[in-house]
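Summary of the model geometry
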Amino acid sequence: MTNKLENLKKYSSIVADTGDIDSIKKFSPEDCTTNPSLIYKAVESKKYQTIVNKVIGFSSSRAFNSKIEKTDFIVDQLAISFGIELSKIVPGYISTEVNADLSFDSKATIEKAQHIINSYEESGVKKNRVLIKIAGTWEGIQAVKQLEAMGISCNCTLIFSLTQAVACAEAGAFLISPFVGRILDWFKLNTKVEFNKDNDPGVESVKKIFQYFKKYKLNTIVMAASFRSISQIIELAGCDKLTISPVLLDELMNLKGDVDLKLKPEDSTSIDIPRLNINESAFRWHLNENQMASFKLAEGIRLFNKDLSKLRNLIIKQL
């Protein structure tokens, strides 16, 4: 009998949610995605010091106006260097994230994205292998709209609401990453409801987004992210993509048994979901009225920026 990971691959494209190169080799995912937190953990582990040393050495041949400028260059190149190594393992896409502290600056986000793409192409990785990860703020989504028009594909991350998801799709985003586990975390902390696989609010959020996109024939790929358990993953079998941590990938690999198809595009046509009209004022109002989504988006940006700062400090110590 085959394991649940192999059976899940029949319905959804599996993406490794890690910067750990060895883990990706083990699980043979189609794509991989990283973020500042994952890159920080990979660097902190000392497993990939060779990559760190190579990037620091490369930076020594360039002129910088300050140590901060040099550190930022190294941090960017580290994310790209890990992405280059990952591109040698997975056949599909590599997601690389724009700095979290640019989440409210469309112009700076576009410039950073172009820098990332140029660095990949200079290293021999074509831009059609790279997704630029950008937080699902209004400013981030406007940057995505311009980048997609330039031929740069984007992954809108930190998606906690249908409003965000629809705004991303209407901006032409190649892919969105709606979060599952962080939504459940919020509801557990802020309500007295007992949650299980049948009423998980994170799973329900992704299902609603998937159904809306299929009903209205939006081409943006839905890639569920931020899982806390195997049951959350299994309940979303059939979602376009699932990005999963090595710990949960390992659990799936070690579980024997079938996986049932849960999400079917054809089932979405009969579901009653009204079409949303999203402009800036509607986006900001809907997000403001969604206490969970507004809180988790802001918290997610803060947490990514916190780990980005930790990574910068690690680099400063080594310079």
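We now turn to the structure provided with this report. As the structure is a prediction and not an experimental result, all values here were calculated from the model.

**Notes on unusual backbone geometry**
- If you check the backbone angles, L158 has positive phi at about 55° while not being a glycine.
- Considering the arrangement of structural elements, one finds L158 in strand β5 (residues 154-159).
- Residue L158 is classed as buried on the basis of its relative accessible area, which comes to 0%.
- Even without glycine at this site, S226 takes up a positive phi of about 60°.
- Structurally, S226 is set in the loop between β7 (221-224) and α11 (230-234).

**Examining the sheet that holds strand β6 (residues 175-178)**
- Ordered in space as β1-β2-β3-β4-β5-β6-β7-β8, the eight strands form a closed barrel in which the pairing is parallel. Ignoring which end each strand starts from, the neighbouring axes of this sheet average 25° apart.
- As defined by bridge partners, β6 adjoins β7 across two bridges and the pair is classed as parallel. By the bridge assignment, I176 is partnered in β7 with V222.
- The sheet strands contacting helix α10 (residues 201-215) are β5, β6 and β7, and the helix crosses β7 at an angle near 170°.
- Contacts from helix α14 (residues 291-318) reach β3 (94-97), β4 (130-135) and β5 within the one sheet, and its direction differs from that of β5 by about 115°.

**Observations concerning the pattern of salt bridges**
- Here the structure, examined in full by the defined rule, presents 21 salt bridges.
- Measuring nitrogen to oxygen at the nearest pair gives 3.1 Å for the salt bridge that ties K214 to D240. Note that K214 is positioned in helix α10 and D240 in the loop between α11 and β8 (241-244), a separation of 26 residues in sequence.
- With a shortest N-O distance of 3.7 Å, K262 and E235 are connected by a salt bridge. Of this pair, K262 sits in the loop between α12 (246-253) and α13 (280-289) while E235 sits in the loop between α11 and β8, and the two are 27 residues apart along the sequence.

**Remarks on the side chain of S226**
- For S226, a relative accessible area of 10% puts it in the buried group.
- For S226, the side chain forms a polar contact with the main-chain nitrogen of R182, separated by 3.2 Å.
- Filtering out sequence-adjacent residues up to four positions away, S226 remains in contact with F179, V180, G181, R182 and T243.

**Regarding the environment of A42**
- Positionally, A42 belongs in helix α3 (residues 36-44).
- Distance in space between the C-alpha atoms of A42 and N305 is 16 Å, their sequence separation being 263 residues.

**Section: the nonpolar core**
- Ranked by internal contacts, the top residues of the largest apolar core, which has 102 residues, are L78, L236, L242 and I244.
- When sequence neighbours within four positions are dropped, the list of residues in contact with L78 reads V43, I51, V52, V55, L311 and I315.
- Membership of the second largest hydrophobic core comes to five residues, among which are V15, L131, I221 and M223.

Cut-offs used in this document
- Residues numbered from 1 in each chain as written.
- Predicted model: local features only at pLDDT ≥ 70, side-chain atom pairs only at ≥ 80, totals over all residues.
- Heavy atoms only, no water.
- Helix = DSSP H or I, 4+ residues; strand = E, 2+ residues; numbered from the N terminus.
- Buried < 20%, exposed > 50% of the residue type's maximum accessible area, 1.4 Å probe, protein only.
- Pairing = 2+ DSSP bridges.
- Axes fitted to C-alpha atoms, helices over the stretch in contact; angles between N-to-C directions.
- Contact = heavy atoms within 4.5 Å.
- Salt bridge = Lys/Arg side-chain N within 4 Å of Asp/Glu carboxyl O.
- Polar contact = N/O pair within 3.5 Å; in protein donor to acceptor, adjacent residues only side chain to side chain.
- Core = buried A, V, L, I, M, F, W, Y, C linked by side-chain atoms within 4.5 Å.

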